[in-house]
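# A look at the structure
Given next are the chains, with one letter for each unit.
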Amino acid sequence: MPVWQQLYESLPAAGVEILSVAMDAQGAYVARPFVENAGATFPTVVDRENLLGQIYRFKAIPNGYLIDQRGIVEYRRLGGFDI
């Protein structure tokens, strides 16, 4: 997550947004310490129901998706994503 924060800080003029999704059925209180320890200032939401896993058909995390402004997935990396 710290690497994502560095990328986020370097891209504001490019109009790129980062959104992290914690896949945790136990809720935000479990994910929050990881976000805080990383110093992440980009939005993080919690998917308690594994809806993204069902929609995008993945079982393991982390995953990376690049989605354009039209909502089209331009790039996908499952099971680990290193920028």
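One can find the structure itself at the top, above this paragraph.
Residues numbered from 1 in each chain as written. Predicted model: local features only at pLDDT ≥ 70, side-chain atom pairs only at ≥ 80, totals over all residues. Heavy atoms only, no water.

Under the defined criterion, the tally for this structure stands at two aromatic pairs. Seen in terms of ring centroids, Y8 and F42 are 5.6 Å apart; in terms of plane orientation they differ by 70°. Their pairing is edge-to-face. Note that Y8 is positioned in helix 1 (residues 2-10) and F42 in the loop between helix 2 (28-38) and strand 2 (44-46), a separation of 34 residues in sequence. Classification of F42 as buried rests on a relative accessible area of 4%. Centroid distance Y56 to Y65: 4.8 Å. Interplanar angle 45°. Geometry classified as tilted. (Phe/Tyr/Trp six-rings, centres within 6.5 Å; stacked < 30°, edge-to-face > 60°. Helix = DSSP H or I, 4+ residues; strand = E, 2+ residues; numbered from the N terminus. Buried < 20%, exposed > 50% of the residue type's maximum accessible area, 1.4 Å probe, protein only.)

Counted under the stated rule, the structure contains two salt bridges. The residue R70 makes a salt bridge to D68 at a minimum N-O spacing of 2.6 Å. Relative accessible area serves as the criterion here: at 16%, D68 is assigned to the buried category. Residue R70 pairs with E74 through a salt bridge whose shortest N-O separation is 3.6 Å. E74 shares its class with R70; the two are exposed. What you see here is one network of salt bridges that share partners, running through D68, R70 and E74. (Salt bridge = Lys/Arg side-chain N within 4 Å of Asp/Glu carboxyl O.)

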